[in-house]
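# Commentary on secondary and tertiary structure
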Amino acid sequence: MDEVMTVADAGGNRALYGSPPSQNMLPHNLPIISAFLAFALAQFLKVFTNWYKEKRWDSKKMISSGGMPSSHSATVTALALAIGLEEGAGSPAFAIALVLACVVMYDASGVRLHAGRQAELLNQIVCEFPSEHPLSTVKPLRELLGHTPIQVAAGAVLGGVVAFLMRSTS
């Protein structure tokens, strides 16, 4: 006769059914809290780094892409490092997060940076069109899309600091 094992029979077998519900809730998820905190802090700091560079306050920097530090880099670095600190550098989750972080940071300082530079050039060309040209009234393209390697590195350092501080306070 075949026996059937139910969830109730298995009891608290974490290997089959995951962590208890109290550990699956967001407040206990150190990696995601670290990632969101690093993102928010990087976006907040952009207002001050923009003021330092341009000597004017621009609160729109808190919701814009590009600039110093890279919030994308801060987010993925905090996520990867928090996972590594929590689960170990040999875990599959850390490997996935590390590869994701590398791809995001490469993209931010490569493809997106060059797309922004192309947008700047295209906007200059459109400005030189005569007013009767059909493209002379086109809305300008966003120019600040990517990050310089220094902005990416600053974001990564910020994300690492946030992950370490979050780990030490939990």
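Residues numbered from 1 in each chain as written. Predicted model: local features only at pLDDT ≥ 70, side-chain atom pairs only at ≥ 80, totals over all residues. Heavy atoms only, no water.

A word on the nonpolar core. Counting eight residues, the largest nonpolar core consists of Leu30, Ala38, Ala42, Ala74, Ala78, Leu158, Val162 and Met166. Looking at this core, the elements that each hand over two or more residues are helix H4 (30–54), helix H5 (71–87) and helix H8 (149–169). Not counting residues within four places of it along the chain, the set of residues in contact with alanine 38 comprises Ala74, Thr75, Ala78, Leu158, Gly159 and Val162. With six residues, the next largest nonpolar core counts Val104, Met105, Ala108 and Val152 among its residues. (Core = buried A, V, L, I, M, F, W, Y, C linked by side-chain atoms within 4.5 Å. Buried < 20%, exposed > 50% of the residue type's maximum accessible area, 1.4 Å probe, protein only. Helix = DSSP H or I, 4+ residues; strand = E, 2+ residues; numbered from the N terminus. Contact = heavy atoms within 4.5 Å.)

Once that is clear, we can look at helix H6 (residues 92–109). The periodicity of an α-helix, 3.6 residues per turn, causes residues three or four places apart in sequence to face the same way. Between its first and last C-alpha atoms H6 spans 26 Å; for 18 residues at 1.5 Å apiece the expected length is 26 Å, and the two agree. Restricting attention to buried positions, one finds in H6 the residues Phe94, Ala97, Ala101, Val104, Met105 and Ala108. Buried residues of H6, viewed axially, fall in a sector of 95°; they line one side. Along H6, exposed side chains directed more than 90 degrees from the buried face belong to Pro92, Ile96, Val99, Val103 and Tyr106. (Expected span 1.5 Å × (residues − 1). Arc of directions from axis to C-beta.)

On the surface, a cluster of nonpolar side chains totalling about 260 Å² of accessible area is made up of Leu41, Phe44 and Phe48. By the element assignment, leucine 41 lies in helix H4. (Patch = residues over 30% accessible without salt bridge, like charges linked within 9 Å, V, L, I, M, F, W, Y side chains within 5 Å. Areas by Shrake-Rupley, 256 points an atom, 1.4 Å probe, with all protein chains shown as cover. Salt bridge = Lys/Arg side-chain N within 4 Å of Asp/Glu carboxyl O.)

So yeah, pure geometry; function would need other evidence.
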